[in-house]
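Below are the chains, spelled out letter by letter.
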There are 2 protein chains.
Amino acid sequence: MVKEKKKESCFKGEELEHGKCMGMIMPVRDALDILSGKWKLPIIISLTFGNKRFSQIAKEIPGITDKMLSKELRDLEMNELVKRTVYDSVPVVVEYSMTAYGKSLNKVIEELRKWGAQHRQRIMKK
Amino acid sequence: MVKEKKKESCFKGEELEHGKCMGMIMPVRDALDILSGKWKLPIIISLTFGNKRFSQIAKEIPGITDKMLSKELRDLEMNELVKRTVYDSVPVVVEYSMTAYGKSLNKVIEELRKWGAQHRQRIMKK
DNA sequence: CAGTATCCTGCACGATACTG
DNA sequence: CAGTATCGTGCAGGATACTG
């Protein structure tokens, strides 16, 4: 969800670089707003490994509560990253899956994973 | 790189997929921990455009307070992403710059920027 | 200029109980 | 099974003032 951003104040003399800088900051913030929080990425990652039901996701993500899982799934659904499908069997089965749009996050996540793994290595050496 | 296409569930006894899943989640969380918060990425991006002094960064990032800038710079320095250099002229000049390690974030940030820009486009159309 | 020192507030997140 | 409903609380972040 795009939150309202504060308008930049323009200072004379540095408008060129300042503009370039803001041009990067804003989209990066947009991306981070979508992904931020403790549970969104874990949920997304879990779903990239296959469609899952509510309780399956809960099991795969240690520590998450029903409330948080429910809320975060709703957020992700609103942003069209995740699709919720209800099969009206008895009892009701609800399946969550990544949308095509959600899958477009793959490269971002892969870069985060690579950097994070390398960072972890680096920390351990000390 | 060989990617096994694994389908389906993570029921009892199926530790394999769960392990793979956790193996992704943890480094991604590590990366996000470093970058999370309202100001870290803006500061990093600002510094990728060149070394800056404290007040220059403050000017380039609308809304940030001295306190937050100071705190975040200290965090980034501790993680060795940013270097702080004091020139003992009069008055004292302090210059902040990205370390080589900090620059290794470039690809991550670029992916975030690309996705964020595209996402912004998508939102605007609605 | 380059920051600290205080004080304050909201809300992200948690614990627990309950439901169709 | 797939979630709500309530009731907390810690801490990220903000406002404002001050300093070497």
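Residues numbered from 1 in each chain as written. Chains lettered and ligands numbered in written order. Predicted model: local features only at pLDDT ≥ 70, side-chain atom pairs only at ≥ 80, totals over all residues. Heavy atoms only, no water.

**Focus on the nonpolar core**
In globular proteins that are soluble, nonpolar side chains generally tend to be buried together. Selection criterion: Residues enter a nonpolar core if they are buried and are Ala, Val, Leu, Ile, Met, Phe, Trp, Tyr or Cys, with the set joined through side-chain atoms within 4.5 Å. Only protein chains enter the calculation, and the probe is 1.4 Å; a residue is then buried if its accessible area is under 20% of its type maximum, exposed if over 50%, and partly exposed in between. Helix numbering and strand numbering both begin at the N terminus, where a helix is a DSSP run of H or I of at least 4 residues and a strand a DSSP run of E of at least 2. Any pair of residues with heavy atoms lying within 4.5 Å of one another is described as a contacting pair.
Counting residues in each nonpolar core, the largest one holds 64 residues, and the members touching the most others are Ile43(A) and Ile43(B). The element that contributes the greatest number of residues to this core is helix H1 (residues 15–35) of chain A, accounting for 9 residues. Residue contacts for Ile43(B): discarding those within four places in its chain leaves Ile61(B), Ile64(B), Leu69(B), Glu72(B), Leu73(B) and Leu76(B).

**Digging into the pairing of strand S2 (residues 82–87) of chain B**
Residues and elements named next belong to chain B. Basically, it comes down to this: A strand pair is defined by DSSP finding two or more bridges across the two strands.
The sheet contact formed by S2 and strand S3 (residues 93–98) spans 6 bridges and is antiparallel. Along S3, the bridge assignment pairs Tyr-87 with Val-93. Connecting S2 to the antiparallel partner S3 that follows it, the hairpin turn spans 5 residues.

**Side note on the protein's contact with DNA strand D**
Inclusion rule: Any residue with at least one heavy atom within 4 Å of a molecule or strand is counted as near it. Between N or O atoms, a polar contact is any pair within 3.5 Å; within protein, one atom must be a potential hydrogen donor and the other a potential acceptor, and residues adjacent in sequence are included only when both atoms are from side chains.
If you check the shell around DNA strand D, you find 16 residues, and the closest are Ser70(A), Arg84(A), Tyr96(A), Lys38(B) and Lys67(B). Of everything in DNA strand D that lies within 4 Å of the protein, sugar and phosphate atoms constitute 71%. Here a phosphate oxygen of DNA strand D and a side-chain polar atom of Arg74(A) are 3.2 Å apart. Within the contact set of DNA strand D, a phosphate oxygen lies 2.6 Å away from a side-chain nitrogen or oxygen of Arg84(A). Elements with a minimum of two residues in the surface near DNA strand D: helix H3 (54–60), helix H4 (66–78) and strand S3 (93–98) of chain A together with helix H4 (66–78) of chain B. When residues of the surface near DNA strand D are assigned to their parent elements, the largest contribution, 4 residues, is made by H4(A).

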